[in-house]
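# Structural features, examined
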Amino acid sequence: MTSLTPPTPGTRLDPWFGAYAQRAHNMRASEVRALFAVVNRPEVVSLAGGMPYLEGLPLGVIADTMQRVIATQGTTALQYGSGQGLEELREQILDVMRLEGIDAHPDDVVVTTGSQQALDLVTRIFIDPGDVIVAEAPSYVGALGVFRSYQADIVHVPIDGDGLIPEALEETLTRLAAQGRRVKFLYTIPNFHNPAGVTLSLERRPRILEIARRHGVLVIEDNPYGLLGFSHDPLPAMRSTDEEGVLYLGSFSKTFAPGFRVGWVVAPHAVREKLVLASESAILCPSNASQMAISAYLSTSDWKGQIKSFRELYRERRDAMVGALAEHLPDASWTVPDGGFYTWVKLPDGLDSKSMLPRAVTGRVAYVPGTAFFADGSGADHMRLSYCFPTPERIREGVRRLAAVVNAERELVEIFGTSPSPDDVTDIDNPGPDSL
Amino acid sequence: MTHSPRVVVLSGGLSHERDVSLRSGRRVAEALRLAQVEVTVHDVDADLIPMLSDIRPDVVWPILHGASGEDGSIRDVLELLDLAYVGTGPRSSRIAWSKPVAKSVVARAGISTPDYVTLPQSLFRELGAQAVMNAVVAKIGLPLVVKPSRGGSALGVTLVRSIAELPRAMVTCFAYGDVALLERAVTGTEVAVSVIETADGCQALPPVEIVTDGPYDYDARYNPGRTEYFAPARVTAEQAETVARTAIEAHKALGLRHISRTDLILEADGSIQFLEVNVAPGMTETSLFPQAALAGGRELPELYRSIVETARVRQDS
């Protein structure tokens, strides 16, 4: 005789599934993220992560500095601090920014937990769901993740070898205005762009600012790489010529060490007040210990000499990267960055960097698919390659492996006459800190 | 009285499923520690053989998903080192790891499995992709499922509803391996049946029913929410008995040992279709094996310890 077993309730393994905010629904593990689990294995040449080469730092000196901070000022370093950040560090940040022509007051600076938190704060205070953020195409994956989490509508504007194209920005802002869309800010990485590696030309900077000003659009200038140029002194920051229309985001993560998680934002008075309040509500205050360690490092070490040594190191690696690309992937094209960490590679026709990633992982090489850098799922024909962390020898080996992967994928595309292109954005997630 | 076993859990590895393996390994290790088992978790790297040779654990539990973990090769190494381990031996692992080979073995044992064809990438080049795809669709029909012939976690798997979708599915599949399994898509109640061997013998845990709002793909498996699980499955006692018997038959036909999970479809007419079997089933917080164990009234620490004890006894004998 057939009988039913006692009915059991189903489970979705998450009793709060129905309780999440709308903005949390796209925060999901994806295949791409899973594939990145192998990236840190030594067998894999990772051309994915934007991790600075910390072996280039005087680690012994830093250890002594941190020891001294705790031994002599431990009760301050380990205590709560100011929501705006330590004044001494804010003054030193002015010295750093002066190298790019920024003349500011310590009160203008808000110290944040990495510039990623600055991005979060800026987005939090400006963006309501559905508001438009204009960003370069492509744009920094970590920024897109923040913007998406606040339910912004991200509109891309194309770039070329000289950075953001003013005519395209003008056209986009005009079109959005005609549609009655409210653009809250333009997000731009003017120097040694992540992922594209290009730099906004000196000639275009005032034009971009003028267009933004005319359309009443705030400019968020994200500049973690500005001091890491290979062939010339840093270009003047956009903030150096526009104090009211530009929010400037800086970071010690690329020029010193990301482990301290110290960044900053420079903002006009009223905005700054809101940023401090927003930051206090999020984290109370940035870490005193990290700020004091960086402050001590800046005051006792030759930090400018250290940045110079990083520039030389990364230039050598950039050369290794573009040399290897020319040798092994002659039918691809790529940007030749004049600073920073990344080159942006256009694959031969028909290839898809996202669908190719499992093959690359099997081939022991990793990169970030171009789709990560677009809000609309495009970019599959590109990939970002980082040269900052692997040695030149490893970079050459990585590109050699990548070429084998590309050739195998090309054969597949020839057979099937197609290549998958992403048709949804649900799995274009943040691939994780290893890929930023 | 024997001492509490010293266990090395192997997790990680270099496969596409490294992330899942790491999570599974952590879960099993935590449960074993609660059962007073001394556990070390280790990745598969150049330190592994010296470490195993040095500490000579009582039992090794390879919780490695994907190649090397499930294709038998790590188990070959454990045999070489003469170490007891949880799970199927190398030869049967290799059979189970290959989906088409496993399907043919269980079919010979009288278990139904959906019509399929296994095709290497090179064949599409030699014969022309469109001609081969046309022939496949003519024979198997639509919808069909394209999956790598080896691999797990639904990586590279696509449900194809029209022939126009097939080229893209093939490209996705071949990114994970050179051989594709194209299988008739069967509809019905999807159940996973875990089989364990302990001192009490070989037995099936209650079937777990999987209900998704789309394909049971990576997203549906590892992001809580999209999939609803029913443990035990909402089937009749007779059906539960039948799927349990089928899973045990598959386990035995394939020569599996200690632990396995068989994925089945219970069709509307009551017939059962075998899809695939896993010799190293996922053990994460969202995985089917622990859900089945809990539905069967098992405490994971005790269950995992009893599996370890079984593996140790087998070696001792």
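With an unreviewed UniProt entry as reference, chain B is termed D-alanine--D-alanine ligase, source organism Sanguibacter gelidistatuariae. Here chain B is described in UniProt, under the heading Subcellular location (unreviewed entry), as follows: "Cytoplasm". Comment text from UniProt for chain B, heading Sequence similarities (unreviewed entry), reads "Belongs to the D-alanine--D-alanine ligase family."

Regarding chain A, the relevant UniProt record gives this comment under Cofactor (unreviewed entry): "pyridoxal 5'-phosphate". Taken directly from UniProt, the Sequence similarities (unreviewed entry) text for chain A runs: "Belongs to the class-I pyridoxal-phosphate-dependent aminotransferase family."

Across its full length, chain A holds twelve helices and 14 strands. In terms of overall dimensions, chain A is globule-like: its C-alpha atoms have a radius of gyration of 23 Å, near the 22 Å expected for 436 residues. Among the 436 residues that make up chain A, the fraction classed as buried is 51%. Taking the intrachain contacts of chain A between residues at least 6 apart in sequence as the baseline, contacts between residues at least 24 apart amount to 77%.

With 35 residues of chain A at the interface, the matching set in chain B holds 39 residues. Mapped by element, the contributors of at least two residues to the side of chain A that touches chain B are helix 1 (31-35), helix 11 (353-362) and helix 12 (392-416) of chain A. The residue inventory of the side of chain A that touches chain B, partitioned by class, reads 16 nonpolar, eleven polar and eight charged.

Turning our eyes to something else, we now look at the domain arrangement of chain B. Note: interface size is frequently given as the accessible area lost on complex formation between the parts. Residues and elements named next belong to chain B. Partitioning chain B into domains gives domain 1 (6-87), domain 2 (94-99 + 187-298) and domain 3 (116-184). Each of domain 1 and domain 2 has a C-alpha centre, and the two are 23 Å apart. Every contact between the two is made by 15 residues of domain 1 and, on the other side, twelve residues of domain 2. Residue classes in the side of domain 1 that touches domain 2 are distributed as six nonpolar, five polar and four charged.

Here we come to the UniProt feature "binding site: Mg(2+) 1" (unreviewed entry) in chain B. All names here are of chain B. UniProt tags D263 and E276 as "binding site: Mg(2+) 1" (unreviewed entry). For D263, the position within the fold is in strand 12 (residues 259-266). Assessed through the 20 C-beta atoms surrounding it within 10 Å, D263 is described here as buried. The residue E276 is located in strand 13 (residues 272-278) in this model. Apart from the residues within four sequence positions on either side, E276 is in contact with K99, A102 and D263.

This brings us to the UniProt feature "domain: Aminotransferase class I/classII large" (unreviewed entry) in chain A. With numbering matched to this structure, UniProt assigns "domain: Aminotransferase class I/classII large" (unreviewed entry) to residues 50-402 of chain A. The distance from the first to the last C-alpha atom of residues 50-402 of chain A is 18 Å, and the span holds 43% helix and 16% strand.

A few words on the domain arrangement of chain A. Residue and element names in this part refer to chain A. What the domain assignment reports for chain A is domain 1 (22-50 + 306-416) and domain 2 (79-300). Using C-alpha coordinates to define each centre, domain 1 is positioned 26 Å away from domain 2. Each side of the interface is counted separately: domain 1 has 26 residues, and domain 2 has 26 residues. Sorting the residues of the side of domain 1 that touches domain 2 by element identifies helix 10 (303-328) and strand 11 (342-346) as the ones contributing at least two each. It is helix 10 that provides the largest number of residues to the side of domain 1 that touches domain 2, a total of six residues. Its residues assigned to classes, the side of domain 1 that touches domain 2 comprises eleven nonpolar, nine polar and six charged.

Here we take up helix 9 (residues 288-300) of chain A. Residue and element names in this part refer to chain A. Look at helix 9: 18 Å from first C-alpha to last across 13 residues, which is about the 18 Å you get at 1.5 Å a residue. Counting buried positions over the 13 residues of helix 9 gives ten, a clear majority of the element. Of the positions making up helix 9, those classed as buried are N288, S290, Q291, M292, A293, I294, S295, A296, Y297 and L298. In this fold, the buried residues of helix 9 make contact with helix 2 (59-77), helix 3 (87-98), strand 2 (109-112) and helix 10.

On average, residues of chain A carry a pLDDT of 92, and 94% of them reach 70 or more. Scored below 50 in pLDDT, residues 422-429 of chain A makes 20 contacts in the model with residues more than four places away or belonging to other chains.

Moving on, we get to the sheet that holds strand 9 (residues 263-266) of chain A. All names here are of chain A. Taken together, the eight strands give an open sheet; going across it, the order is 2-9-8-7-6-3-4-5, and neighbouring strands pair in mixed fashion. Sheet topology places strand 2 and strand 5 (163-164) at the edges, where each strand pairs with a single neighbour. Pairing analysis gives four bridges linking strand 8 (residues 246-251) to strand 9, with the strands arranged antiparallel. When the sheet's bridge partners are listed, G250 is paired in strand 9 with W264.

We now examine the environment of A196 of chain A. Residue and element names in this part refer to chain A. By the secondary structure assignment, A196 is in the loop between strand 6 (183-188) and helix 7 (204-214). Owing to 25 C-beta atoms within 10 Å, A196 belongs among the buried residues under this scheme. When the C-alpha atoms of A196 and D160 are compared, they prove to be 9.1 Å apart, with 36 residues separating the residues in sequence. Apart from the residues within four sequence positions on either side, A196 is in contact with P138, I159, T335 and W344.

Residues and elements named next belong to chain B. When the UniProt feature table is mapped to this numbering, "binding site: Mg(2+) 2" (unreviewed entry) covers E276 and N278. Using a count of 22 C-beta atoms within 10 Å as the deciding quantity, one classes E276 as buried. Among the structural elements, N278 can be located in strand 13. On the neighbour-count criterion, N278 (23 C-beta atoms within 10 Å) is buried. Apart from the residues lying within four places of it in its own chain, the contact partners of N278 are G152, S260 and R261.

Once that is clear, we can look at the packing of helix 2 of chain A against helix 9 of chain A. Residues and elements named next belong to chain A. As a packed pair, helix 2 and helix 9 sit with axes 9 Å apart at the nearest point and diverge in direction by 130°. Classified by the angle their axes make, helix 2 and helix 9 are oblique. Between helix 2 and helix 9 lies a crossing of right-handed hand. For the pair helix 2 and helix 9, contact is made by I62, T65, M66, R68, V69, Q73, T76 and A77 and by N288, A289, M292, A293, A296, Y297 and T300, respectively. Residue composition of the contact of helix 2 with helix 9, grouped by class: nine nonpolar, five polar and one charged.

Bringing the environment of D131 of chain A into the picture now. Residues and elements named next belong to chain A. Take D131: it is sitting in the loop between helix 4 (114-126) and strand 3 (132-137). Taking the number of C-beta atoms within 10 Å as the measure of exposure, D131 has 18 and is therefore partly exposed. Along the backbone, D131 and F185 are 54 residues apart, and their C-alpha atoms lie at a distance of 9.4 Å. Excluding residues that lie within four positions of it along the chain, D131 makes contacts with A152, D153, R182 and K184.

Quick look at the confidence of the model for chain B now. In the predicted model, chain B carries a mean pLDDT of 92, and 98% of its residues have values of at least 70. Prediction confidence for the complex, expressed as pTM and ipTM, is 0.89 and 0.85 respectively.

Residue and element names in this part refer to chain A. Across the interface, helix 4 lies against helix 5 (residues 141-149) with an axial gap of 10 Å and an inter-helix angle of 30°. Put simply, helix 4 runs roughly parallel to helix 5. The chirality of how helix 4 crosses helix 5 is right-handed. Together, Q116, L119, D120 and T123 of helix 4 and G142, A143, V146 and F147 of helix 5 make up the contact between the two elements. Taken together, the residues of the contact of helix 4 with helix 5 break down into four nonpolar, three polar and one charged.

Conventions used here
- Residues numbered from 1 in each chain as written.
- Chains lettered and ligands numbered in written order.
- Predicted model: local features only at pLDDT ≥ 70, side-chain atom pairs only at ≥ 80, totals over all residues.
- UniProt positions renumbered as here; feature names shortened; annotations may be inferred.
- Helix = DSSP H or I, 4+ residues; strand = E, 2+ residues; numbered from the N terminus.
- Rg over C-alpha atoms; globule rule 2.2 N^0.38 Å.
- Buried ≥ 20, exposed ≤ 12 C-beta atoms within 10 Å, placed from the backbone.
- Contact = placed C-beta atoms within 7 Å.
- Nonpolar A, V, L, I, M, F, W, Y, C, P; charged D, E, K, R; others polar.
- Domains from an automatic or database assignment.
- Expected span 1.5 Å × (residues − 1).
- pLDDT = per-residue confidence, 0-100.
- Pairing = 2+ DSSP bridges.
- Axes fitted to C-alpha atoms, helices over the stretch in contact; angles between N-to-C directions.
- Parallel < 35°, antiparallel > 145°, perpendicular 65-115°, else oblique.
- Left-handed = near helix turned anticlockwise from the far one by under 90°.

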